[in-house]
Amino acid sequence: MHNKIFKNKKILLGVTGCIAAYKAAFLTRDLKILGAEVKVIMTTSATEFISPLTLSTLSENTVIINTFPLSNNENPEMGTWHIDSALWADLMIIAPCTINTVAKIAHGFADNALTTIVTALRSPLLVCPAADVDMYNNKITQKNIQTLKDFGINILDAEEGELASGLKGKGRLPELNKIIDAAALILSGSKKKDLTNKKILITAGPTYEDIDPVRFIGNRSSGKMGYWLAKASYLRGADVTLISGPSSENIYPEVNYIYVRSADEMEKAVKQNLKTNDILIMSAAVADYRPQKIVKNKIKKENKLSSIKLKENNDILASVDKKDKYVVGFALETENGIANAKKKLKNKDLDMIVLNVLKSKQSGFDTDTNKIKILKKNGNTKDFPVTSKFLAANNILSEIVKTIK
Ligand code: CTP
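Just so it is clear, the model here is predicted, and its values are computed rather than measured. (Residues numbered from 1 in each chain as written. Predicted model: local features only at pLDDT ≥ 70, side-chain atom pairs only at ≥ 80, totals over all residues. Heavy atoms only, no water.)

Student: How would you explain the overall build of the protein if you had to name every residue and give the values?
Tutor: A count of helices and strands for the protein gives 15 helices and 21 strands. Structurally, the protein occupies a C-alpha span of about 85 × 50 × 40 Å along its principal axes. Expressed as a percentage of the 405 residues in the protein, the buried residues total 50%. Intrachain contacts of the protein at a sequence separation of at least 6 include 67% that bridge at least 24 residues. In the protein, 58 side chains carry a positive charge and 43 a negative one; their mean positions are 6 Å apart. (Helix = DSSP H or I, 4+ residues; strand = E, 2+ residues; numbered from the N terminus. Buried < 20%, exposed > 50% of the residue type's maximum accessible area, 1.4 Å probe, protein only. Contact = heavy atoms within 4.5 Å. Lys, Arg positive; Asp, Glu negative; His and termini not counted. Charge placed at Lys NZ, Arg CZ, Asp CG, Glu CD.)

This is how it looks when you write it as structure tokens:
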């Protein structure tokens, strides 16, 4: 998904002394698979948890641990290595970052190789703090994390869950896919946290309209576009609720997730949740029709079924109360795309519609890429090239931000 973003990017990966340090091996490997160059810097405590040899082998680079050469004969010409490394990087990620290192960065300490590089860094910095629950929730830690945020440093908050101590709570290093998504967002140049204090309701996936206990009418939507919209909105600071039809996509634990099956269930969930949200993005492929009645028992072949009577579903987008809401719809078209999208924009009284032209193999259902065109209420239109659905989601969010700010 993020190959184009990471290709040939130079990433410094800082690793500190926390039980989650072993995950740095997987992170290094994933970044390398995405095409990035990776240089690892460890604190001495990190070497208690994972061997530098593991990380130098996976990164194909020497691991930096010491500020000074260990002997007079070792690399005497490397006097400005910390400046060279800091200037080399397109991005520095510290994962996991202990509360000790968070505190040091917050106060400008440069007492080891890792913190020295941080002070010299010109590239963006992504810090992923991790600790046991009480250490993480500690008021001083929280103040230090806030200090980093105030300095414009990107923070990926720890996740809730089982901790190494056996306690449960906030403090886990986020899943690696989320760290990589957050890094991709920074590398793609999107404005960080521009959706802070916004509440966004997103629908995704298909709806299934049951015929009998084993069969349904569905469509080929995978949900990918809506899930990327939800993930990108979260990374950009929004409070996100995702209402999803059946989909095999994964979502971050911080996104409020509501599973629905039918258009009717989706309508109820949207109407219930819209009141407390500022923005609605309807990317779900809602079925227009459902069987008039759901047959209680499995329909047998000998019944010689030749037709199913259908009933029209409500149009959720057209019928929601849009007062004080910014409402975005999608139009998936195989022909007369622009004309049909304009009609939907007007008839459903939308602020914006995203046209998805289903002509190319790089666009539409179950692909990882999309080609979109955005049409706004004020008549403005914008064409985008084929991009990953992650970047398409971010382009849509940037257009929303431009209009609502
Ligand atoms: N939509 C909806 N409720 C429905 C059908 C569609 O809210 N019952 C929403 C979709 O989520 C999408 C927009 O309306 O944001 C357009 O959906 P689309 O299927 O392209 O349009 P329809 O109005 O159903 O028209 P048609 O199927 O004839 O193209």
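Student: Before we move on, can you summarise the site of the ligand with the specific residues and values?
Tutor: Within the structure, the ligand sits among 15 residues, and Met282, Ala284, Phe330, Lys344 and Lys348 are positioned closest to it. The separation between an oxygen atom of the ligand and a polar main-chain atom of Leu317 is 2.8 Å. In the environment of the ligand, an oxygen atom lies 2.9 Å from a nitrogen or oxygen atom belonging to the backbone of Phe330. Here the ligand loses 77% of its free accessible area of 570 Å² to cover by the protein chains. A molecule is said to occupy a pocket when more than half its atoms come within 2 Å of that pocket's grid points, and by this definition the ligand occupies the largest pocket. Elements with a minimum of two residues in the shell around the ligand: α13 (316–319) and β16 (326–333). The element that contributes the greatest number of residues to the shell around the ligand is β16, accounting for four residues. Considered class by class, the residues forming the shell around the ligand number nine nonpolar, two polar and four charged. (Near = heavy atom within 4 Å. Polar contact = N/O pair within 3.5 Å; in protein donor to acceptor, adjacent residues only side chain to side chain. Areas by Shrake-Rupley, 256 points an atom, 1.4 Å probe, with all protein chains shown as cover. 1 Å grid on protein atoms, 1.4 Å probe; cavity = no way out; pocket = protein on both sides within 12 Å on 5 of 7 lines; lining within 4 Å. Sits in = over half its atoms within 2 Å of the grid points. Nonpolar A, V, L, I, M, F, W, Y, C, P; charged D, E, K, R; others polar.)

Student: Quick one: what's the story with the domain arrangement of the protein, residue by residue and with numbers?
Tutor: Partitioning the protein into structural domains gives domain 1 (3–187) and domain 2 (199–404). Between the C-alpha centres of domain 1 and domain 2 the distance comes to 37 Å. Between domain 1 and domain 2, the residue contacts involve nine residues of the former and eleven residues of the latter. Between domain 1 and domain 2, roughly 800 Å² of surface is buried when both sides are summed, and carbon and sulfur atoms account for 69% of that area. Contact with domain 2 buries surface across domain 1, with Lys178, Asp181 and Leu185 losing the most and accounting together for 61% of the total. Here Lys178 ties to Glu254 by a salt bridge, and the two come within 2.7 Å at their closest N and O atoms. Linking domain 1 to domain 2 there are two residue pairs in polar contact (both at pLDDT 80 or more). No other element matches the five residues that helix α10 (residues 176–187) contributes to the side of domain 1 that touches domain 2. Class assignment of the residues belonging to the side of domain 1 that touches domain 2 gives a composition of six nonpolar, no polar and three charged. (Domains from an automatic or database assignment. Buried area = accessible area lost by both parts, 1.4 Å probe. Salt bridge = Lys/Arg side-chain N within 4 Å of Asp/Glu carboxyl O.)

Student: Any details on the sheet that holds strand β5 (residues 154–155)? Residues and values, ideally.
Tutor: A sheet is described by the order of its strands in space; here five strands give the open sequence β2-β1-β3-β4-β5, paired in parallel fashion. Where the open sheet ends on each side, the last strands, each with one partner, are β2 (37–42) and β5. Running over the sheet, helix α2 (residues 23–33) touches β1 (10–15), β2 and β3 (91–97) and is turned about 175° from β1. Across the sheet, helix α5 (residues 81–88) touches β1 and β2, and the angle it forms with β1 is around 120°. (Pairing = 2+ DSSP bridges. Axes fitted to C-alpha atoms, helices over the stretch in contact; angles between N-to-C directions.)

Student: Describe the sheet that holds strand β13 (residues 279–282), listing the residues and the values that go with them.
Tutor: Strand-to-strand pairing in sheets goes through backbone hydrogen bonds, with the strands running parallel or antiparallel. With mixed pairing, eight strands are arranged side by side in an open sheet as β12-β11-β8-β13-β16-β17-β19-β20. The open sheet has two edge strands with one neighbour each: β12 (256–259) and β20 (381–383). Mean inter-strand twist for the sheet, computed between neighbouring axes without regard to direction, equals 15°. Bridging between strand β11 (residues 239–244) and β12 involves four bridges; their strand directions are parallel. By the bridge assignment, Leu242 is partnered in β12 with Tyr257. Of the strands in this sheet, β13, β16, β17 (352–357), β19 (372–376) and β20 are in contact with helix α15 (residues 389–404), which crosses β19 at around 15°.

Student: Which residues make up unusual backbone geometry, and what are the values?
Tutor: For the bond from Ala95 to Pro96, the omega torsion is -5°, close enough to zero to count as cis. Counting through the fold element by element, Pro96 comes out in strand β3. One non-glycine residue with positive phi stands out, namely Asn336, at about 45°. Tracing the chain through its elements places Asn336 in the loop between β16 and α14 (337–347).

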